[in-house]
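Residue strings, one per chain:
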Amino acid sequence: MAAMKSPFLLRRLREAGYLVRAAASDRALAFTTETALAVAAGGAVATDARWFAAAGDALHIDLARWADLLVIAPATAAGLARAASGLAEDLITATILAGARKVLWAPAMNPEMWHHPATRANVETLKEWGHAFVGPEHGAMAAASEESGLGRMSEPETIVEHVRYHLTTKDLEGRSFIVSAGPTREYFDPVRFISNPSSGKMGYAIAEAARDRGAQVLLVSGPTTLPDPWGIEVVRVERAEEMYAAITERFSRANAVVMAAAVADWQPAHTASEKTPKKKGVNMVELVPTPDILAELGHRKKPGQVLAGFAMETREGRERARAKLERKNLDLIALNFPTRSDSAFGSDYNNVELLFANGHVEATGRLSKRAVAERILDHIHELLSEKEAGLNAEQGKTS
Ligand code: CTP
């Protein structure tokens, strides 16, 4: 079953912009076809039969030198065993031995086989050599057996995320980020609340991009339908006050905070403990302001820390966003235009203007939310380095 997903993985990798070449063992070709792999990869498949060419070329050397990353998906228990014992009897294990730069395994096997001490030992050996793993995950095994457990290959989309992680320069290594995302819900009784249509996609994109660049990330998320991203500590909250508590508690240890959450500005003054029955006529709900998290962080900000916020304005965007940047003591604010069609709530794209404390303004144009996230992180990286250099110079003067 997992082998049948290999062509999809190749396709997803190409869609993500990677150059791919496919290699398949004879055993893999019993489960998927060479044609499917060749079409998905957009080129010939390296097979055991073509390992050595008449001209004297050897594919294992060529592949090992060509690829930045060797992804083995699906990886069997036998494949892990051959690699861990250096048994280069097929093209793929020979490619590993021939000096593949980085190896990512996506195992798929029966849970008993995955948990067997032999497999455990092989995985440990490979990890010690710097090999990386994605999955296996919990789920139903091959259709014929009724079993479920840890052994299912990760989905192609998840494998692509891990590929991106392993191929991204870790320029934010050693930095810790707090990112907020999604809406908040301000309840006036146990089942009714005030909220907004934020999907959380922008904040999650920032958190994932920071993770891929090596940062340690805490994602404080309001209610969203998005799954918890891997490799990120996620704290789920509902109300602005909970978000305030989760972020302020950790703020002093963070290098940078990006407030992408659409925090509700108002909360009901009282939350009824029971559902409020319907009444005839006009109903009044008294609202009081929620704590302004970003303003509080701006107040507490220490010299080395970077603070970024978002502004959503329907008119006088730049003036209002700049006023917010100053009032909340931010280094950078991303100005959203909710009424523009290319930056709508829930979209995978955004189009923002970045305003900086030094007066500089930069328009991103329409980009994927991931690309906007990368742009924001480029600037935060630069700001952190500048602040650090400034602090070092200060220290130099005083010592
Ligand atoms: N924000 C926050 N806490 C709040 C409200 C907003 O931390 N209670 C953050 C948001 O995450 C965003 C930024 O502040 O990064 C701007 O939010 P916005 O609601 O547009 O700003 P306000 O200062 O509330 O201004 P106004 O609603 O008057 O435009």
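Residues numbered from 1 in each chain as written. Predicted model: local features only at pLDDT ≥ 70, side-chain atom pairs only at ≥ 80, totals over all residues. Heavy atoms only, no water.

> Just checking my understanding: could you explain a nonpolar patch on the surface for this structure?
On the surface, a nonpolar cluster with roughly 280 Å² of combined accessible area is contributed by W266, V285 and L287. Position of V285 among the secondary structure elements: in the loop between β14 (266–268) and β15 (287–289). (Patch = residues over 30% accessible without salt bridge, like charges linked within 9 Å, V, L, I, M, F, W, Y side chains within 5 Å. Areas by Shrake-Rupley, 256 points an atom, 1.4 Å probe, with all protein chains shown as cover. Salt bridge = Lys/Arg side-chain N within 4 Å of Asp/Glu carboxyl O. Helix = DSSP H or I, 4+ residues; strand = E, 2+ residues; numbered from the N terminus.)

> Got a minute to help me understand the packing of helix α9 (residues 201–212) against helix α13 (residues 369–398) in this structure?
Across the interface, α9 lies against α13 with an axial gap of 8 Å and an inter-helix angle of 55°. In this view, α9 runs oblique relative to α13, as classed from their interaxial angle. Crossing of α9 against α13: the hand is right-handed. Judged by residue contacts, K201, M202, A205, I206, E208, A209, A210 and D212 of α9 engage K369, R370, V372, A373, E374, I376 and L377 from α13. Of the residues that constitute the contact of α9 with α13, the class distribution is nine nonpolar, no polar and six charged. (Axes fitted to C-alpha atoms, helices over the stretch in contact; angles between N-to-C directions. Parallel < 35°, antiparallel > 145°, perpendicular 65-115°, else oblique. Left-handed = near helix turned anticlockwise from the far one by under 90°. Contact = heavy atoms within 4.5 Å. Nonpolar A, V, L, I, M, F, W, Y, C, P; charged D, E, K, R; others polar.)

> Honestly, the site of the ligand in this entry has me stumped. Any pointers?
Taken together, 15 residues form the shell around the ligand, and within it M259, A261, L294, F310 and K324 come nearest. One of the backbone nitrogen or oxygen atoms of L294 is found 2.9 Å away from an oxygen atom of the ligand. In this structure, F310 approaches the ligand through a main-chain N or O atom, which is 2.9 Å from an oxygen atom. When the free accessible area of the ligand is taken as 580 Å², the share hidden by the protein chains comes to 79%. Mapped onto the shell around the ligand, the elements with two or more residues apiece are α11 (293–300), β16 (306–312) and α12 (317–327). Class assignment of the residues belonging to the shell around the ligand gives a composition of eight nonpolar, two polar and five charged. (Near = heavy atom within 4 Å. Polar contact = N/O pair within 3.5 Å; in protein donor to acceptor, adjacent residues only side chain to side chain.)

> Quick question: what am I supposed to make of the pattern of salt bridges here?
Pairs can form between side chains of opposite charge whenever their charged atoms are close. In the structure shown here, the tally under the stated rule is 32 salt bridges. Across the salt bridge formed by R50 and E34, the nearest N and O atoms sit 2.8 Å from each other. Highlighted residues: R50 in the loop between β2 (45–47) and α3 (59–66) and E34 in helix α2 (residues 34–41), separated in sequence by 16 residues. Its relative accessible area of 43% is what places R50 among the partly exposed residues. One salt-bridge network, held together by shared partners, links D171, R211, D212, R213, R370, E374 and D378. (Buried < 20%, exposed > 50% of the residue type's maximum accessible area, 1.4 Å probe, protein only.)

> Would you explain the domain arrangement of the protein chain in this entry?
What the domain assignment lists for the protein chain is domain 1 (3–166) and domain 2 (176–398). For domain 1 versus domain 2, the separation of C-alpha centres amounts to 39 Å. Every contact between the two is made by four residues of domain 1 and, on the other side, four residues of domain 2. Together, the buried faces of domain 1 and domain 2 total about 480 Å²; carbon and sulfur atoms form 57% of this surface. The largest per-residue losses of area from domain 1 upon contact with domain 2 belong to E161, R164 and Y165, which jointly make up 82% of the total buried on that side. Across the domain 1-domain 2 interface, the total number found is zero salt bridges. Inspection of the region where domain 1 meets domain 2 yields one residue pair in polar contact (both at pLDDT 80 or more). Counted by class, the side of domain 1 that touches domain 2 contains one nonpolar, one polar and two charged residues. (Domains from an automatic or database assignment. Buried area = accessible area lost by both parts, 1.4 Å probe.)

> Explain helix α10 (residues 240–250) here, please?
Here α10 has its buried residues at A240, M243, A246, I247 and T248. Buried positions along α10 lie against β8 (176–181), β9 (186–189), β11 (216–221), β12 (233–236), β13 (256–259) and α11.

> Looking at this model, I keep getting lost on α3. Mind explaining?
Each full turn of the α-helix corresponds to 3.6 residues, which orients residues three or four apart in the same direction. Considered for burial, the residues of α3 that qualify are L59, H60, L63 and A64. Down the axis of α3, the buried set is contained in an arc of 125°. They therefore lie on one face. Turning to α3, the residues buried within the fold contact β1 (22–24), β2 and α5 (91–97). (Arc of directions from axis to C-beta.)

> Got a minute to help me understand the packing of helix α4 (residues 77–84) against helix α7 (residues 117–128) in this structure?
Any two packed helices are characterised by how steeply their axes cross, that is the angle between the axes, and by the distance between the axes. Across the interface, α4 lies against α7 with an axial gap of 9 Å and an inter-helix angle of 50°. It follows from the interaxial angle that α4 and α7 lie oblique. For the pair α4 and α7, the sense of crossing is left-handed. Residues A77, L80, A81, A83 and A84 of α4 pack against T119, N122, V123, T125 and L126 of α7. Residue classes in the contact of α4 with α7 are distributed as seven nonpolar, three polar and no charged.

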